[in-house]
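Close look at the chain arrangement
In case you want the letters, here they are:
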Amino acid sequence: MRHLLSTKDLTRDEAIALLDLSDEMAQVNERGLRKLPTLRGKTVVNLFFEDSTRTRVSFEIAAKRLSADLINFSAKGSSVSKGESLKDTAQTLAAGGVDAFVIRHGASGAPQALAERGWTDVPVINAGDGTHEHPTQGLLDAMTMRERLHGFGSTRGKALDGVKVAIVGDIAHSRVARSNLYLLKTLGAEVHLVAPPTLMPRGLGLQHYDLDETLASVKPNVVMMLRIQLERMNSAFFPSANEYSNIWGLTEERFARLSDKTVIMHPGPMNRGLEIASSVADSPQSAIVRQVANGISVRMAVLFNLISQERQIHE
Ligand code: CP
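Residues numbered from 1 in each chain as written. Predicted model: local features only at pLDDT ≥ 70, side-chain atom pairs only at ≥ 80, totals over all residues. Heavy atoms only, no water.

1. Considering the pattern of salt bridges
Tallied over the entire structure, the rule returns 13 salt bridges. Of the charged contacts in the structure, one is a salt bridge between E50 and R175, with a shortest N-O distance of 3.0 Å. Placement of E50 in the loop between β1 (43–48) and α2 (54–65) and of R175 in helix α6 (residues 175–186) is noted, with a sequence separation of 125 residues between them. Residue class for R175 comes out buried when judged on its relative accessible area of 7%. Of the charged contacts in the structure, one is a salt bridge between R290 and E147, with a shortest N-O distance of 2.8 Å. Of this pair, R290 sits in helix α11 (residues 288–307) while E147 sits in helix α5 (residues 135–150), and the two are 143 residues apart along the sequence. A relative accessible area of 5% means that E147 is categorised as buried. Overlapping salt bridges, with partners in common, bring together D20, D23 and R146 in one network. (Salt bridge = Lys/Arg side-chain N within 4 Å of Asp/Glu carboxyl O. Helix = DSSP H or I, 4+ residues; strand = E, 2+ residues; numbered from the N terminus. Buried < 20%, exposed > 50% of the residue type's maximum accessible area, 1.4 Å probe, protein only.)

2. Observations regarding the packing of aromatic side chains
Applying the stated criterion across every chain yields a total of 1 aromatic pair. Pairing F49 with F73 gives two aromatic rings, centres 5.8 Å apart and planes at 55°, and the pair type is tilted. With F49 in the loop between β1 and α2 and F73 in strand β2 (residues 69–74), this pair connects stretches of sequence that are 24 residues apart. (Phe/Tyr/Trp six-rings, centres within 6.5 Å; stacked < 30°, edge-to-face > 60°.)

3. Some words on the site of the ligand
In the vicinity of the ligand, the contacting residues are S52, T53, R54, T55, R104, H134, Q137, P267 and G268. T53 places a main-chain nitrogen or oxygen 2.9 Å from an oxygen atom of the ligand. Here G268 contributes a backbone N or O atom positioned 3.1 Å from a nitrogen atom of the ligand. Burial of the ligand by the surrounding chains reaches 92%, relative to a free accessible area of 260 Å². Its atoms largely coinciding with the cavity grid, the ligand occupies the largest pocket. Among the residues forming the shell around the ligand, the class breakdown is 1 nonpolar, 6 polar and 2 charged. Structurally, the shell around the ligand is a two-domain feature, drawing no fewer than three residues from each of domain 1 (7–134 + 293–307) and domain 2 (135–287). (Near = heavy atom within 4 Å. Polar contact = N/O pair within 3.5 Å; in protein donor to acceptor, adjacent residues only side chain to side chain. Areas by Shrake-Rupley, 256 points an atom, 1.4 Å probe, with all protein chains shown as cover. 1 Å grid on protein atoms, 1.4 Å probe; cavity = no way out; pocket = protein on both sides within 12 Å on 5 of 7 lines; lining within 4 Å. Sits in = over half its atoms within 2 Å of the grid points. Nonpolar A, V, L, I, M, F, W, Y, C, P; charged D, E, K, R; others polar. Domains from an automatic or database assignment.)

4. Remarks on the nonpolar core
Ranked by size, the top nonpolar core spans 87 residues in total, and within it M25, L139, I167, I171, L187, L250 and L303 carry the most contacts. In terms of residue count, the dominant contributor to this core is α11 (10 residues). Looking at which domains feed residues into this core, each of domain 1 (7–134 + 293–307) and domain 2 (135–287) gives three or more. If we skip the residues at most four places from it in the chain, L303 touches L39, V44, F59, A62, A63, L66, V102, I125 and S308. Counting 18 residues, the second-largest nonpolar core is a separate cluster that includes F73, A75, F101 and A113. (Core = buried A, V, L, I, M, F, W, Y, C linked by side-chain atoms within 4.5 Å. Contact = heavy atoms within 4.5 Å.)

5. Thoughts on the side chain of E275
Note that E275 resides in the loop between β9 (263–265) and α10 (278–281). It turns out E275 is buried and unbridged, and the closest side chain with the opposite charge, R227, is 6.2 Å from it. At 2.8 Å, the side chain of E275 and the side chain of H266 are in polar contact. Ignoring sequence-local partners within four residues, the contact set of E275 consists of M225, L226, R227, I228, Y244, G249, L250, H266, P269 and M270. (Lys, Arg positive; Asp, Glu negative; His and termini not counted.)

6. Topic: the domain arrangement of the chain
For the chain, the assigned domains are domain 1 (7–134 + 293–307) and domain 2 (135–287). Between the C-alpha centres of domain 1 and domain 2 there is a distance of 25 Å. Taken together, the contact pairs 35 residues of domain 1 with 33 residues of domain 2. Both sides of the domain 1 and domain 2 interface together cover about 2,800 Å² of buried area, and 57% of this is carbon and sulfur. Inspection of the region where domain 1 meets domain 2 yields 5 salt bridges. Note that R156 and E24 form a salt bridge whose closest N and O atoms lie 3.8 Å from each other. Linking domain 1 with domain 2 are 18 residue pairs in polar contact (both at pLDDT 80 or more). For the side of domain 1 that touches domain 2, the secondary-structure elements that each account for two or more residues are α1 (12–29), α2, β3 (100–105), β4 (124–129) and α11. (Buried area = accessible area lost by both parts, 1.4 Å probe.)

7. What about helix α3 (residues 86–94)?
Inspection of α3 places L86, T89 and A90 among the buried residues, and these make up the whole buried set. Seen along its axis, α3 keeps its buried residues to an arc of 95°; they face one direction. Buried residues belonging to α3 abut β1, β2, β3 and α4 (110–116). (Arc of directions from axis to C-beta.)

Dropping the structure here:
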């Protein structure tokens with residue numbers, strides 16, 4: 001693996017190996033000394049052209065836990081406001097010596113452009129591009145599902161064959177939905193997309209338009225609620241927030257009809273009370289906080305895999 005641009009690029013064996021490595025990183029994160037020397041002397045640049053809390057901070061923690069130096073670049077307050085291009089920004093930052101770029105951009109395809117147009121010769125990690133993909137989110141979600149469904153400590157070498165996942169909400173604007181769909185299918189899961197017709201893109205996966213009917217008939221092992229991405233909407237996609245919540249939200253009533261084994265997930269940030277009730281997000285069935293913790297382990301595994309010459313971690 002030279003770059004991580006899309007979960008479509010991962011074979012089943014590569015995906016399982018990355019998840020196994022993420023589990024090893026999780027063990028490092030759970031001990032007293034949460035640090036490995038493995039990327040000492042390497043430099044990672046966080047290149048963020050769009051807002052982020054989880055992804056930016058977890059890449060920062062991941063790089064530091066592997067002993068790499070980390071440069072945090074945010075487009076706000078930079079020469080991007082004077083019109084500097086992505087190519088010139090990346091090459092300016094690379095002038096001091098860089099070993100990997102982590103890039104989030106509002107334009108779908110920006111990480112591919114950086115990786116494939118000869119603007120840099122170092123690994124590029126897509127940290128979310130427009131409505132296209134968010135591959136490390138897909139990996140951390142798959143890691144979380146493996147843990148919850150196979151049990152902690154029983155995940156090594158395992159895929160998600162036969163697991164039923166319902167991804168619900170704003171599929172049209174969701175890079176998380178796309179990265180999850182491609183990766184989960186590679187891992188053998190059955191993925192059901194549930195959305196209002198206005199928020200369902202054509203030609204993607206198994207599509208459903210009635211949430212209650214889908215939850216009752218599919219009986220998913222995992223329900224992943226997506227954020228309504230108001231910032232990417234330039235017209236009304238549903239009549240009102242109240243109506244959306246009643247028809248498409250994971251309300252307390254809807255949650256009560258699910259099996260008590262159903263795992264509840266959300267990539268964050270959440271609109272509490274809109275796509276998910278607060279009490280559901282905070283329930284014992286919710287893996288939302290664990291998803292965030294696993295984000296650090298997955299990003300450590302990805303940085304290690306792309307930058308280190310080693311194939312296994314050494315203390
Ligand atoms: N899930 C996710 O990408 O969150 P952030 O936008 O906070 O990074």
